[in-house]
Amino acid sequence: MNQDELKAAVADAAIKEIEPWLEKDTVLGIGTGSTANLFIDRLGKFAGRFKGAVASSDASTKRLKGLGIDVLELNSSGTLPFYIDGADEVNAHLQMIKGGGAALTREKIVAACAERFICIADDSKYVAQLGHFPLPIEVIPMARSYVARELVKLGAEPVYREGVVTDNGNQIIDCYDVMIDDPKAMEATLNGIVGVVTNGLFAARGADVLLLGKEDGVERTALR
Ligand SMILES: O=C[C@H](O)[C@H](O)[C@H](O)COP(=O)(O)O
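Residues numbered from 1 in each chain as written. Predicted model: local features only at pLDDT ≥ 70, side-chain atom pairs only at ≥ 80, totals over all residues. Heavy atoms only, no water.

Concerning the site of the ligand
Taken together, 16 residues lie around the ligand, and Ser 34, Thr 35, Asp 88, Glu 107 and Lys 125 are the ones closest in. In this structure, Ser 34 approaches the ligand through a side-chain N or O atom, which is 2.5 Å from an oxygen atom. At a separation of 2.6 Å, an oxygen atom of the ligand approaches a polar side-chain atom of Thr 35. A molecule is said to occupy a pocket when more than half its atoms come within 2 Å of that pocket's grid points, and by this definition the ligand occupies the second largest pocket. Tallied by class, residues from the shell around the ligand come to three nonpolar, eight polar and five charged. (Near = heavy atom within 4 Å. Polar contact = N/O pair within 3.5 Å; in protein donor to acceptor, adjacent residues only side chain to side chain. 1 Å grid on protein atoms, 1.4 Å probe; cavity = no way out; pocket = protein on both sides within 12 Å on 5 of 7 lines; lining within 4 Å. Sits in = over half its atoms within 2 Å of the grid points. Nonpolar A, V, L, I, M, F, W, Y, C, P; charged D, E, K, R; others polar.)

Okay, here's the thing in structure tokens:
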């Protein structure tokens, strides 16, 4: 199976995981990216059977609406039963790096409001140690150079993702050469730099379930 087929397989598995919970008052949290898109496409056939979705990006909002799924405000949706999203890297503790598509801030907010985070990924995303994928950091534009200097002090090599403006009107710095020994500590340290809006480490709130697409099938890991 190629990578796209593995992504499709985990999207199918995620539908099976949540389908029994699709009732008239169910609101789902929905992620962003190519794997999340495959999930959204499959969710389309259930439009009308559940209340709607909270989306983590303008792109996912557009895709959901195009399939007839109502997109709701997070502030009036309360706690969501599920958040379904992909990852750029995921480890055995279901901690992740996310934000390759610059949607990390809204993803982290919607994930924080969910009872269960279901991560869907092909097995190229599975790593022993986070940090091979450059760690995205969303910054307030006027703080970009300051944040970059602070990142250098931490041993990272920050690179401005030129031309990218997030859905929140901010900018992205990608951090190369950071092997992350303690993801929770690193997440907290990066959050402490003035001007950082969000960093792409999802460690304090990682996933609860990982559906990992492998050549011999979808492997399900549940931590909670
Ligand atoms: O900002 C983007 C998100 O964090 C995505 O979930 C992540 O980049 C994975 O995307 P994909 O499924 O396209 O590999």
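Structure shown, so let's carry the discussion forward.
Quick word on the sheet that holds strand β2 (residues 52-55)
The strands that make up a sheet are held in pairs by hydrogen bonds between backbone atoms, and each pair lies either parallel or antiparallel. With respect to topology, six strands assemble into an open sheet ordered β2-β1-β3-β6-β12-β13, the strand pairing being mixed. The strands lining the two open edges of the sheet, one partner per strand, are β2 and β13 (217-222). When the angles between neighbouring strand axes are averaged without regard to direction, this sheet yields 20°. Sheet topology places strand β6 (residues 114-122) next to strand β12 (residues 209-214); five bridges connect them, and they run parallel. From the neighbouring strand, Asp 122 faces β12, where its bridge partner is Gly 213. Of the strands in this sheet, β1 (27-30), β3 (80-85) and β6 are in contact with helix α2 (residues 34-43), which crosses β1 at around 155°. The strands touched by helix α4 (residues 104-112) are β1, β2, β3 and β6; relative to β3, the strand with the most contacts, the crossing angle is about 145°. (Pairing = 2+ DSSP bridges. Helix = DSSP H or I, 4+ residues; strand = E, 2+ residues; numbered from the N terminus. Axes fitted to C-alpha atoms, helices over the stretch in contact; angles between N-to-C directions. Contact = heavy atoms within 4.5 Å.)

Description of the packing of aromatic side chains
The final tally for this structure, using the stated rule, is two aromatic pairs. Pairing Tyr 83 with Phe 117 gives two aromatic rings, centres 4.9 Å apart and planes at 85°, and the pair type is edge-to-face. Linking Tyr 83 in strand β3 with Phe 117 in strand β6, this pair joins segments that are 34 residues apart in sequence. Residue classification places Phe 117 among the buried residues on the basis of a relative accessible area of 0%. Residue placement shows Lys 108 over the ring face of Phe 202; its charged tip is 5.2 Å from the ring centre. Over the aromatic face of Tyr 160 sits the side chain of Arg 144, whose NZ or CZ is 3.8 Å from the ring centroid. (Phe/Tyr/Trp six-rings, centres within 6.5 Å; stacked < 30°, edge-to-face > 60°. Buried < 20%, exposed > 50% of the residue type's maximum accessible area, 1.4 Å probe, protein only. Lys NZ or Arg CZ within 6 Å of the ring centre and 35° of its normal.)

Points about the UniProt feature "active site" (unreviewed entry) in the protein chain
This chain's UniProt record puts "active site" (unreviewed entry) on Glu 107. Note that Glu 107 resides in helix α4. Note on Glu 107: relative accessible area 2%, which makes it buried. (UniProt positions renumbered as here; feature names shortened; annotations may be inferred.)

Quick notes on the pairing of β6
In terms of residue burial, β6 counts as a mostly covered element, since seven of its nine residues are buried. Bridge count between β3 and β6: five bridges; the pairing is parallel. Within β6, the position partnered with Asp 85 by the bridge is Cys 119.

Some remarks on helix α3 (residues 58-66)
Every buried residue of α3 is accounted for by Ser 60, Thr 61 and Leu 64. Down the axis, α3 shows its buried residues gathered within 105° of arc, on one side only. Exposed side chains of α3 directed beyond 90 degrees from the buried face belong to Ala 59, Lys 62 and Gly 66. Buried residues belonging to α3 abut β1, α2 and β2. (Arc of directions from axis to C-beta.)

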